[in-house]
Amino acid sequence: MADELGHMDDGLLVKYLIGETDGEESLLVEKWLESSDENREEYARMQKVWQGSLAVSKPKVDTDAAWAKLSGRIDEFEETAVKEPVVRTLNRPKWNWAAAAVLLALVGLFGVFQYFTGKDVKVSSDKLLVEQMLPDGSSVALNANSELEYAKNFDGDLRQVKLKGEAFFEVQPNAEKPFVIDAGLGEVKVLGTSFNVKAKEGSDIRVHVVTGRVQLSLPGAIADTSVVILEIGETGIIDHKTKRVYKESPLYEDALFWLNKKLVFNKLPLPRVFEVLEKNYNLSFSAYDKSVEKCLLTARFEKESIESILEVISATFNIQFTVNGQTVQINAQDHNCAED
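Residues numbered from 1 in each chain as written. Predicted model: local features only at pLDDT ≥ 70, side-chain atom pairs only at ≥ 80, totals over all residues. Heavy atoms only, no water.

Draft legend 1. Looking closely at the packing of aromatic side chains. Going through the model one piece at a time under the given rule, you end up with 10 aromatic pairs. Residues Phe-154 and Phe-179 carry aromatic rings whose centres are separated by 6.3 Å and whose planes lie at 85 degrees to one another, so their mutual orientation is edge-to-face. Placement of the pair is Phe-154 in the loop between strand 4 (146-150) and strand 5 (159-170) and Phe-179 in strand 6 (residues 179-182), with a sequence separation of 25 residues. Each member of the pair, Phe-154 together with Phe-179, is buried. The interplanar angle of 80 degrees and the centroid separation of 6.5 Å between the aromatic rings of Phe-285 and Phe-321 together place this pair among those described as edge-to-face. With Phe-285 in strand 15 (residues 284-285) and Phe-321 in strand 17 (residues 320-324), the pair connects residues that are 36 residues apart, well separated along the chain. (Phe/Tyr/Trp six-rings, centres within 6.5 Å; stacked < 30°, edge-to-face > 60°. Helix = DSSP H or I, 4+ residues; strand = E, 2+ residues; numbered from the N terminus. Buried < 20%, exposed > 50% of the residue type's maximum accessible area, 1.4 Å probe, protein only.)

Shown next, in the form of structure tokens:
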């Protein structure tokens, strides 16, 4: 419970916060609050997060589902030996823990511990995709081998985060407090939108806009040649060698494949299709007849196996494929590129 009034069990604080403590437990918490300014400040931070959850313009939260989801993540992280603070399991009533799950989710499974200890939050992903809720209600999905760092409560005029790797952001609108991403070589500024940022060391920075409008620029840039405004479906790029900032359209075929397993091809030459499949399915296609370059594929795949995708291409262009391990043999004899 309380360690000589210096440390209070987080589960009991949440229970007190939602009005589920009995008389004895309430007295214990109140005594702890009266014992020091630090304790009152810690409780005030927790209370602020909880109240913020009620103001976030999201669909009604199913607390039971939230707790079930959080429990699953805890089990998954324990099984994969992620070195994060251990979440203690207490014998509490179901509603108390469901409410606690919602509170913990608001500041992130990884970040809640740093939040209450007053430190900046750093979220890292290894081989697993990691989802994180930010203090303002925005959400981030981190690709594998990525890192996100941000202040625990976004004080000041900006909501600023630092990204290494790749992440998909869904940002809560706030015209008075812009959301800014420090991506090392470049900077992304947004008021409210969803977009993907790829900022791996030694590579070009790529920003793919799904909804809304964002600005991509070099840090401290003033000249128009160092800033681009990106609309829905556009891709912004900062060349890591030349430091040139420019944009392309439409969205890359596999821009969000790591997140949603979707591939969208719009009259794309088959050699380029093969390149996309090689990258995302860890394959190697054999040499093929140059006439295949005339074949243009228009198709949309979502969570499809490589075998299913190859079957569609085979049926469309009368091209035969033989898969041997990670190698795909192409037989393009008597092919038919009727769609070109």
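Now that the structure has been shown, we can carry on.
Draft legend 2. Seen up close, the nonpolar core. Phe-169 and Phe-195 are the most contacted members of the largest nonpolar core, which has 32 residues in total. In terms of residue count, strand 5 provides more of this core than any other element does, 4 residues in total. Apart from residues lying up to four places away in sequence, Phe-169 is in contact with Ser-139, Val-140, Leu-148, Val-161, Leu-163, Phe-179, Ile-181, Thr-193, Ser-194, Phe-195 and Val-197. Counting residues in each nonpolar core, the second largest holds 28 residues, with Val-273, Phe-274, Val-276 and Phe-321 among its members. (Core = buried A, V, L, I, M, F, W, Y, C linked by side-chain atoms within 4.5 Å. Contact = heavy atoms within 4.5 Å.)

Draft legend 3. Looking closely at helix 2 (residues 23-35). Taking 1.5 Å of rise per residue, the 13 residues of helix 2 would be expected to cover 18 Å, and the 18 Å separating its terminal C-alpha atoms lies within 8% of that figure. Buried within helix 2 we find Glu-25, Ser-26, Val-29, Trp-32 and Leu-33. Buried residues of helix 2 fall within an arc of 125 degrees about the axis and therefore sit on the same side. Facing away from the buried side of helix 2, by more than 90 degrees, are the exposed residues Glu-24, Leu-27, Lys-31 and Glu-34. (Expected span 1.5 Å × (residues − 1). Arc of directions from axis to C-beta.)

Draft legend 4. Local environment of the packing of helix 8 (residues 270-281) against helix 9 (residues 306-317). Interaxial distance between helix 8 and helix 9 falls to 12 Å at its minimum, and their mutual angle equals 170 degrees. Taken as axis vectors, helix 8 and helix 9 run roughly antiparallel relative to one another. Between helix 8 and helix 9, the residues in contact are Leu-270, Val-273, Leu-277 and Tyr-281 and Ile-306, Ile-309, Leu-310, Ile-313 and Phe-317, respectively. Taken together, the residues of the contact of helix 8 with helix 9 break down into 9 nonpolar, no polar and no charged. (Axes fitted to C-alpha atoms, helices over the stretch in contact; angles between N-to-C directions. Parallel < 35°, antiparallel > 145°, perpendicular 65-115°, else oblique. Nonpolar A, V, L, I, M, F, W, Y, C, P; charged D, E, K, R; others polar.)

Draft legend 5. The arrangement of the pattern of salt bridges in detail. One pass over the full model with this rule turns up 5 salt bridges. Measuring nitrogen to oxygen at the nearest pair gives 2.9 Å for the salt bridge that ties Glu-231 to Arg-213. Pair noted here: Glu-231 is in the loop between strand 11 (227-230) and strand 12 (235-238) and Arg-213 is in the loop between strand 9 (205-211) and strand 10 (214-217), with a separation of 18 residues, a long-range link. Relative accessible area serves as the criterion here: at 35%, Glu-231 is assigned to the partly exposed category. Arg-272 is the partner of Glu-275 in a salt bridge, and the nearest nitrogen-oxygen pair spans 3.3 Å. Taken together, the residues span about one helical turn, with Glu-275 and Arg-272 both in helix 8 at a distance of 3 residues. (Salt bridge = Lys/Arg side-chain N within 4 Å of Asp/Glu carboxyl O.)

Draft legend 6. The arrangement of the sheet that holds strand 18 (residues 327-331) in detail. The strand order across the open sheet built from 3 strands is 15-18-17, with neighbouring strands paired in mixed fashion. The strands lining the two open edges of the sheet, one partner per strand, are strand 15 and strand 17. Two strands pair when backbone bridges link them, and strand 17 and strand 18 are joined in this way by 5 bridges, in the antiparallel orientation. Paired with Gln-320 across the strands is Asn-331, a residue of strand 18. The sheet strands contacting helix 9 are strand 15, strand 17 and strand 18, and the helix crosses strand 17 at an angle near 155 degrees. (Pairing = 2+ DSSP bridges.)

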